[in-house]
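# Structural description and commentary
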Amino acid sequence: MAVISSGIRPAFLVEGVSKMFAGRTGEVLALDDVSLQLREGSFTCIVGPSGCGKSTLLRILGGLETATLGTVTANLAATDVPESAFVFQEHGVFPWFTVLDNVAFGVRMAGVRKARREKIAHDWIGRIGLTGFEGAYPHQLSGGMRQRIAIARAFATGSPSLLMDEPLGALDAQTRMLMQEQLLRVWESDQKTVVLVTHQIEEALLLGDVVVVMSARPGRVKEIITVPFPRPRPADLEGTPEFAALRQHIWNALRDEVRASMEFS
Amino acid sequence: MSPKKTPTRTWSASGDLAARRRALNAASAREYAHSRHLAQRDVLLSILTPIVLLAIWETAARLGWIDARLFSPPTRILSQGATMVANGQLWANLLPTLLRLLTGFVTGSIAGIVVGLLMGVSRVVRAALGPMFTALYALPKIAILPLLLLIFGLTETPKILSVAISVFFVLQINTVAGVVQIDERILEAARAYRATGWRLFRFVLLPGAMPSIFTGLQVAAGSGVIVITAVEYVASNQGLGFLIWNSWLLFQPAQMYVGLIVVSLLGALLTGAVVLLERAVVPWRRANTLRKKRNT
Ligand SMILES: Nc1ncnc2c1ncn2[C@@H]1O[C@H](COP(=O)(O)OP(=O)(O)O)[C@@H](O)[C@H]1O
Ligand SMILES: [Mg+2]
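One structure accompanies this document, and this report is about it.

Criteria and thresholds
Residues numbered from 1 in each chain as written. Chains lettered and ligands numbered in written order. Predicted model: local features only at pLDDT ≥ 70, side-chain atom pairs only at ≥ 80, totals over all residues. Pairing = 2+ DSSP bridges. Helix = DSSP H or I, 4+ residues; strand = E, 2+ residues; numbered from the N terminus. Contact = placed C-beta atoms within 7 Å. Buried ≥ 20, exposed ≤ 12 C-beta atoms within 10 Å, placed from the backbone. Near = placed C-beta within 6 Å. Nonpolar A, V, L, I, M, F, W, Y, C, P; charged D, E, K, R; others polar. Expected span 1.5 Å × (residues − 1).

## Some words on the pairing of strand E1 (residues 12-23) of chain A
All names here are of chain A. Across nine bridges, the pairing between E1 and strand E2 (residues 26-38) is antiparallel. Looking at E2, one finds that Lys 19 is bridged to Leu 31. Counted between consecutive antiparallel strands, the loop separating E1 from E2 contains two residues.

## Considerations on the interface of chain B and chain A
Facing the 15 residues of chain B at the interface are 17 residues of chain A. Counting residues per element, the ones that place at least two in the side of chain B that touches chain A are helix H8 (184-192), helix H9 (197-235) and helix H12 (283-293) of chain B. Of the residues forming the side of chain B that touches chain A, the biggest block, six residues, is contributed by H8(B).

## Re the environment of Gln248(A)
Residues and elements named next belong to chain A. Tracing the sequence through the fold places Gln 248 in helix H7 (residues 241-264). You can call Gln 248 exposed: it has 11 C-beta atoms within 10 Å. Linking Gln 248 and Thr 198, residues 50 residues apart in sequence, is a C-alpha distance of 16 Å.

## A word on the site of ligand 1
Residues and elements named next belong to chain A. Of all residues adjacent to ligand 1, which total 13 residues, the nearest are Phe 21, Ala 30, Lys 54, Ser 55 and Thr 56. Only E1, E2 and helix H1 (54-61) provide two or more residues apiece to the shell around ligand 1. It is H1 that contributes the most residues to the shell around ligand 1, three residues altogether. Classifying every residue of the shell around ligand 1 gives four nonpolar, seven polar and two charged.

## Things to note about helix H3 (residues 74-86) of chain B
Taking 1.5 Å as the rise per residue, H3(B) with 13 residues should run 18 Å; its terminal C-alpha atoms sit 18 Å apart, in good agreement. Taken from the residues just after H3(B), Gly88(B) is the one with a positive phi, measuring 80°.

Structure below.
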């Protein structure tokens, strides 16, 4: 196992986590003996073939799902707010709340008073570019806008860690780039521990300190790559040969796994 | 095949902002006018169709194509209605029906929603009551009227109770379904943001079940009118149901038509009231249907 941490206690310590789903149709081993250490304030990206257990791992990290075997120890300083704020793959915004109430939901559940939480929500709505839509209902908005509501809700909650499951998947290329910048800004200014599941290798390399490559199901940690590019990363990073080489390396690793996952099912 | 040249519009090429604005406004005004026109046409058609049918009915009855004794011409029904309003007969029958219907509808709905919510949030309550209620739902509610008459006698209670029971089951089933069918991803989001207990109920489960509850209320409004009419056929000497039934016994078709029309209006009004309430309570659903309906 690669050691990412540098002596201090990691924000997330994942030790030998396996997850078995038992259903009427049989059992599915989603995760098999996954071990990871995520340093506090680090930005980790997870890539892997679909169905390899990325979402499951994220849920286990955030305590929404329990590991069948193994342990997850979260060591995050959170007093009133939840330890982790989620952005789900399918956003999960509440259809019955306006944009404002959706964004304010996390802080509201944390007991923040109306005036203050609406100020926080307004602020975040502005930062993700939805000003003017505060009173709109999610159904009136596009898929990408709904996804941004979910992101704003997670940011606004103020949790020390952000767990994001393909949060930028529904966005067009320009919005995606803007949201990536926003994400980096939040991460840098608030010292959050971020875990981001993505299917874009480029995104993982642009954003992450560390890229975790997972194997086809049952999901194992196939490789942990420390991204060597210094921050702030330049806009033309994607054009450099180092970037291309690393992308090719991850792509090769993934290709075998994607192939395996397709033969498997 | 060579690519077709798309015609470029001079105002966009020139980059003249004001001109572009004007063109945009004009286009959007045209679009709006068109959709207004379609909406007006819809309204016109919806009014015109019954008027035409009534005119055909009137002509047919007067010319003897249909038996005017059975199919009273609309003008005859109208004058009968006016007479009944003037001599107070209509009001004397409308009021009891209205009171029974509303009392039964409101109590039955509240009970159904409360029990449904309890069943929705508590697996234990659901397991205990669900199968029994499902079995009872199949029982035609009007069939227990004799039993209610036996217990309560010829009072208002069995009439109100008949309505309340039939409304209760519709609401109970729709409320449970509403809670149970809330999207798993929504529940997970609620859990992730620490919505538990009362707050989970208030901010997630209740609003999540609302659309289904209102569907139930609409269905119940219809079935409530059916039940109260049927009850009044046999167990009342007052009310719209009685009026209709009595018109048969006395062979007064025009009066019967008046009764039928007023009963349908009552049903339509109650349903309309539910729809208005839904718009106020469930604004997000309306927003949704507006978006879906936009195209003709
Ligand atoms: N609640 C569940 N019940 C049963 N099987 C599940 C459940 N959640 C996930 N799985 C299965 O676990 C595997 C991993 O799922 P997931 O974590 O969503 O993968 P990924 O996010 O990498 O695409 C899949 O085969 C999926 O079908
Ligand atoms: Mg997933």
